[in-house]
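Structural overview
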Amino acid sequence: MQDALLERLRAVLGPANVLTGVELSPYVVDGRTPEAAVFPGALEEVAAVIALCGQAEVPVVPWGGGTAASVGMPAARAGVVLGLRRLARLVEHEPGDLTVTVEAGVTITELQAALGNRGQWLSLDPADAERATLGGVLAANAAGPRCHLYGTARDLLIGVTVVTADAAVVKGGGKVVKNVAGYDLPKLFIGSYGTLGVIVEATLKLRPVPDAERLVALRFAGLKDAAAAVRALLASDLIPNAVELLDPTAAAALGAGEAGGALGLGSGAVLVVGFDGLPEQVEWQCAELARLAAPHGGRDATPLSSAAWPRLAAAVRDAFPVATAVMSFDVVPAQVAELMEQGAGVARARGFQTAWAAHAGVGVVSAALVSDREPRELGPVAGVLGEWREMARAGGGRATLERAPLAVKSQVPVWDDPGAAGRVMQRIKAQLDPKRILNPGRFVAGI
Amino acid sequence: MATLTSGRKTALRRELEAIVGPGGVLSDPDELLVYESDGLTLFRALADFVVFPTSAEHVAAVVRLAGREGLPFVARGAGTGLSGGCLPAEGGLVISMMRMNRVLEVDYENQLAVVEPGLVNLHLSWAVGLKGYYYAPDPSSQQACTLGGNIANNSGGPHTLKYGVTTNHVLGLEVVMPDGEIVWLGGRTRATPGYDLAGVFVGSEGTFGIATKIVVRILKKPQAVKTVLAVFDQVDHASAAVSAIIARGLVPAAVEMIDQLTIQAVEDAFGCGYPRDAAAALLVELDGLRVGMEAQAERIVQACRDAGAREVRTARDEAERALLWKGRKSAFGAYGRVSPAYMVMDGVIPRTKLPYVLRRVNEIVAAHGLRVGNVFHAGDGNLHPNILYDPRVPGAEARVVEAGAEIMKVCAEVGGSISGEHGIGLEKADFMPFIFSAADLAVMQRLKNAFNPTGLCNPGKVFPTKKSCVEVGPVAYTPHAIEAKGLAQRF
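Residues numbered from 1 in each chain as written. Chains lettered and ligands numbered in written order. Predicted model: local features only at pLDDT ≥ 70, side-chain atom pairs only at ≥ 80, totals over all residues.

1. Some remarks on the overall build of chain A
Cut-off, in case you're wondering: Secondary structure is summarised from DSSP: a helix means a run of H or I of at least four residues, a strand means a run of E of at least two, and numbering begins at the N terminus for each. Between the two quantities, the radius of gyration covers C-alpha atoms and the globule rule is 2.2 Å times the number of residues to the power 0.38. Counting other C-beta atoms within 10 Å of a residue's own tells you its class, since 20 or more makes it buried, 12 or fewer makes it exposed, and anything in between is partly exposed; those C-beta atoms are placed from the backbone.
Within chain A one finds 15 helices and 19 strands. A compact globule built from 447 residues would reach a C-alpha radius of gyration of about 22 Å, and chain A, at 22 Å, matches this within 12%. Dimensions of chain A, computed from the C-alpha atoms along their principal axes, are close to 70 × 60 × 40 Å. In chain A, which comprises 447 residues, the proportion classed as buried is 58%.

Laid out in structure tokens, this is it:
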């Protein structure tokens, strides 16, 4: 680290907001320790940090709550962590507009609490809501079970302010719910993992808090039966807000927190469905669900507590004390159960335990694998992950290696092949960050 | 740019015919006239050729030829756009997508359809309707406009309040890039690796390339629908009712507002059952489960009454509901009863600013000695002031354009946008600085460079220009050729 850069950063931010040395341990990713971690308290300070780092040609790693820090290829150089946690003000919330403008460092839990006080919520429910910041959730395009009905960040983000690699403060979109003026910059920054700009402020569409909401779990003999029930559900008039398919291991992790617990003991599969609306709508839909699941062997319909929601979002990861690797998949909904079943089979044949869960109606699957072998014997882990990816690809889907030891990442690429679109992505990166200051090397196609 | 010599033109025509076949190229000036404008007839420009490809490979070959010749090109659907977005700004090629209009695949289990860009919006809903599905975005021009045009403009419609606009329903696109390469952006799954290029492409107004296949989500039709008409004696009360409905925790499928001038025009033309003496009416639609529908409708009724509605009624049956919607969707045509011409504006404001902005719109239009009818997506805050004028009056059209610019400024001042669904195109390119800084526009320009480095793909659109190459009003309004033949109307 150049001392001159550190001095300038301290001068701009104040010494208390520039961490070095042992204070950097929370920011170590893939064994790499950053050169400093800085915490600007204003938009202008974010721009100043990027300008200073840009001049010094030191990479900048935007950092919210660190919940997605492990997602990505290892950086060639750790650079300076740019923490957004101090930028957490609620800028504007007018309930009659059903929109909110907020700084990016606010955590999802803080934001929901502020909105909830006024009868509204942001229909985005990623895991680790108490730590995950809004900016990080947008940059990682994280979502949770309710994406089934309410979509993901791309359906909610209507305006964004970013600081670009040349330290310019740039706004895209706006503050109104419908807007086609100019290119859709909010879409560009969602899921861009901090490689095109640092998100500092966002405007989002909100929803009214529903009068009632309920989660119901049903047990099935196996994933195939549960999948048949999902098909029947999706073809019905019901309007679930979440449709989660869990294998017994993930279901056990979910059930462990419930009074009476132990949902997933034994073989089989668990389908968890959420409904919201007026109390009579929730009631009617729960009864209908039981009725249409019965022919597929669905039984033991059990309401879950509202505390099950966050556990549902993290069921796969929490299935093991420490998972060796976590992989997520985007597939068509019809492929979900087969991928879960075959993927578990492949791992079992090699002696690995796995846990699987899916947002079954939208085709988002995650799997955790645990290996108790020595780190140098990770070849078989990489082998399984490679096979999983091939299974997803065979059905037109894609896989992302969310978390894995470095030795595995070196054998199994974190990101799936974007195809010819990868070249367009590289050109966008070259246009917006020609000096490769922002999170270089972490993303798809060498970006 | 230099005009093509007639020898060059003949040679190019032969080359284009070799790609798309002899029946797929127009170059006769009389035939080209049909393509000189879109639904906004204020702007006109003639292409050198109009070509009709029937495959992505055709499109790619035509685009490569255009690149080799340095000819600008622009894709065109039904031409119902309202911002001059598909005009051949500097001569060159219009690539009509109208012969690529097939539904290629419907996958009900995964609730998606793969279609060609020339498919008419409503025809997709027809294609999947028998099985109980539909395509949600419903622009007022949905009987004529194409999915490809919807992609370019990120089109909305009344029901986008609950269901979102085009971009929320597009999963993937096969695109011919401006250099002729065929690339898939997005796909059939909810997310694909890397940047959301399908999301970035939607709404890029034809400047990032030409979509040749489109993967869209199809939705199950709702179990039940209920339509409420609320009648107000004061526009302010109707405006306030919109936010009141939203603030009461309700998200209707649609909330449309119709003002007195428009009601009277609609009643003269169609007799849809709107009270002629009302200052404004709100058309509120709920959809979803049959269970609880009555209770939700009751909340709407109460919110409207509390806001000062003099009468609130729900459509008793499908026939009455259809009639109310006919009044809403035919409003543009009905203006013919009260004015020889009108120009539709498109701006967006925060919903809570509706009362103020509607007052300002009326003041601005009156100050220019003109009249305005408002019929718009109030629930989204998406205004459509329709400024009525007589094109035979010298200077009238120029006053309309001036009033429109002032209205856009008001939208910008209250934190809104200069377009909710019609796009920037040529019409509003010079208004972009109302809401975007030079730095904002620079990032958009760099994004464009990544897709369209030569600038040949639909030049002159979206970004502010000092001077436009095309003929810009004030020109007397003459009906578009297809309008004159009764094949289309201005929406």
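2. Section: the domain arrangement of chain A
Interfaces are often described in size by the accessible area the parts lose on coming together. Residue and element names in this part refer to chain A. Cut-off, in case you're wondering: Boundaries between domains were set according to an automatic or database domain assignment. By definition, residues are in contact whenever their C-beta atoms, placed on the basis of the backbone, come within 7 Å of each other. Here the term charged refers only to Asp, Glu, Lys and Arg, the term nonpolar to Ala, Val, Leu, Ile, Met, Phe, Trp, Tyr, Cys and Pro, and the term polar to all other amino acids, Gly among them.
For chain A, the assigned domains are domain 1 (3–83), domain 2 (90–208), domain 3 (212–313) and domain 4 (317–409). The straight-line distance from the C-alpha centre of domain 3 to that of domain 4 is 23 Å. Contacts between the two partners involve 15 residues from domain 3 and, on the opposite side, 14 residues from domain 4. Elements that contribute at least two residues to the side of domain 3 that touches domain 4 include exactly α8 (223–234), β13 (242–246) and α9 (248–255). The element that contributes the greatest number of residues to the side of domain 3 that touches domain 4 is α8, accounting for 6 residues. A class-by-class count of the residues in the side of domain 3 that touches domain 4 yields 10 nonpolar, 1 polar and 4 charged.

3. What about the domain arrangement of chain B?
Residue and element names in this part refer to chain B. On domain assignment, one finds that chain B holds domain 1 (103–220), domain 2 (224–334) and domain 3 (335–429). Taken residue by residue, the interface counts 25 residues in domain 2 and 18 residues in domain 3. Looking at the side of domain 2 that touches domain 3, the elements that each hand over two or more residues are α8 (235–247), β13 (254–259), α9 (260–269) and α12 (331–334). Among the elements that take part in the side of domain 2 that touches domain 3, α8 stands out by supplying 7 residues, more than any other. Class assignment of the residues belonging to the side of domain 2 that touches domain 3 gives a composition of 16 nonpolar, 4 polar and 5 charged.

4. As for helix α12 (residues 336–349) of chain A
All names here are of chain A. For clarity, the cut-off: One less than the number of residues in a helix, times 1.5 Å, gives the span that helix is expected to have. What the arc covers is the set of directions going from the helix axis to the C-beta atoms.
For α12, built from 14 residues, the straight-helix expectation of 20 Å at 1.5 Å per residue is met to within 8% by its first-to-last C-alpha distance of 20 Å. For α12, the complete set of buried residues consists of V336, A337, L339, M340, G343, A344 and A347. What you see down the axis of α12 is that its buried residues fit within an arc of 165°, all on one side. In α12, the exposed positions that point more than 90 degrees away from the buried face belong to G345 and A349. Tucked into the core, α12 has its buried residues touching α8, β13, β16 (325–330), β17 (353–359), β18 (364–370) and α13 (379–394). Of the residues flanking the end of α12, it is G351, one or two places downstream, whose phi is positive at about 85°.

5. Focus on the environment of B:V106
All names here are of chain B. Inspection of the secondary structure puts V106 in strand β5 (residues 103–107). Overall, the presence of 17 C-beta atoms within 10 Å leaves V106 in the partly exposed class. With 21 residues separating them along the chain, V106 and A127 place their C-alpha atoms 8.8 Å apart.

6. Focus on the sheet that holds strand β10 (residues 210–217) of chain B
All names here are of chain B. For clarity, the threshold we go by: Here the rule is simple: two strands pair whenever DSSP picks up at least two bridges between them. Lines fitted to C-alpha atoms define the axes, with helix axes restricted to the stretch in contact, and inter-axis angles between N-to-C directions lie between 0 and 180 degrees.
The strand order across the open sheet built from 5 strands is β5-β6-β10-β8-β9, with neighbouring strands paired in antiparallel fashion. Either end of the sheet is taken by a strand with one partner, and the two such strands are β5 and β9 (182–186). Between one strand axis and the next, the sheet turns by 15° as a mean value, whatever way the strands run. Strand direction decides the pairing type here: strand β8 (residues 170–176) and β9, joined by 5 bridges, are antiparallel. Opposite L173, over in β9, you have L185 as the bridge partner. Along the sheet, helix α3 (residues 56–69) makes contact with β8, β9 and β10, crossing β8 at roughly 50°.

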